[in-house]
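# Analysis of the macromolecular model
Spelled out from the first residue to the last, the chains are:
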Amino acid sequence: MSLRETILVALHARLSALPATALRGDVLPERVPDAGLLILRDGEPGEPDVTLSPLAYHYQHRAEIEVIVQGTDRDGAFDILCTSIGTALAADRTLGGLCEWVEAEAPQPDDLPVEGAANLKAAVIPVVLHYSTADPLLWLPPEMQGGN
């Protein structure tokens, strides 16, 4: 498995430990679970910064976590869920040593009407994954690739 995929799997595992249902790359289901819903989107690695000798590509990969809650106390449930995401990320900013740093940005919540049901409260939380690799296709960290 590539470093990129390993990092995304680790991030999804961290989200799966929360009370909300955590999906990866799925479409929004018809029903939002009572504890809320998180959907991890792989995002884009962007253009890397490159250093030479040893050759390394330094990425600031932007993944996204969609946060969706529904019910009578949407504001409170949304706040609790966002806070729990922040706490989970702050507990290990390197995802077990896979990243140099993981940081979330502030959500911009929106209330979405649903015909015949309680409104949804949703937001996208960008998560920046800082990591380096010796090869942009292999995505292995430089120390795992050997000499050039």
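The structure under discussion appears in the preceding block.
These numbers were taken from a predicted model, which means no experiment stands behind them.

This paragraph deals with the pattern of salt bridges. Enumeration over the complete set of coordinates arrives at eight salt bridges. For the salt bridge of Arg24 with Glu5, the shortest nitrogen-to-oxygen distance reads 2.8 Å. Within this pair, whereas Arg24 is found in strand 1 (residues 21-24), its partner Glu5 is found in helix 1 (residues 3-16), the two being separated by 19 residues in sequence. When salt bridges that share partners are traced, they join Arg4, Glu5, Arg24 and Asp42 into one network.

With that settled, consider the environment of Leu3. Along the polypeptide, Leu3 turns up in helix 1. Overall, Leu3 belongs to the buried group, its relative accessible area being 7%. On a C-alpha basis, the gap between Leu3 and Thr133 in space is 8.1 Å, while along the polypeptide they are 130 residues apart.

Formed by 30 residues in total, the largest nonpolar core has its most connected members in Leu15, Leu38, Ile65, Val67, Ile85, Val127 and Leu129. Among residues more than four places away in sequence, those in contact with Leu129 are Ile7, Leu8, Leu11, Tyr59, Gln60, His61, Ala63, Leu95, Cys99, Trp101 and Val102. Membership of the second largest hydrophobic core comes to seven residues, among which are Val32, Leu37, Ile68 and Leu120.

In this section: helix 1. For helix 1, which comprises 14 residues, the first-to-last C-alpha distance of 20 Å matches the rise-based estimate of 20 Å (1.5 Å per residue) to within 8%. Within helix 1, burial applies to Leu3, Ile7, Leu8, Leu11, His12 and Leu15. In this structure, the buried residues of helix 1 make contact with strand 1, strand 2 (37-44), strand 4 (56-70), helix 2 (74-90) and strand 7 (120-133).

Rules of the game
Residues numbered from 1 in each chain as written. Predicted model: local features only at pLDDT ≥ 70, side-chain atom pairs only at ≥ 80, totals over all residues. Heavy atoms only, no water. Salt bridge = Lys/Arg side-chain N within 4 Å of Asp/Glu carboxyl O. Helix = DSSP H or I, 4+ residues; strand = E, 2+ residues; numbered from the N terminus. Buried < 20%, exposed > 50% of the residue type's maximum accessible area, 1.4 Å probe, protein only. Core = buried A, V, L, I, M, F, W, Y, C linked by side-chain atoms within 4.5 Å. Contact = heavy atoms within 4.5 Å. Expected span 1.5 Å × (residues − 1).

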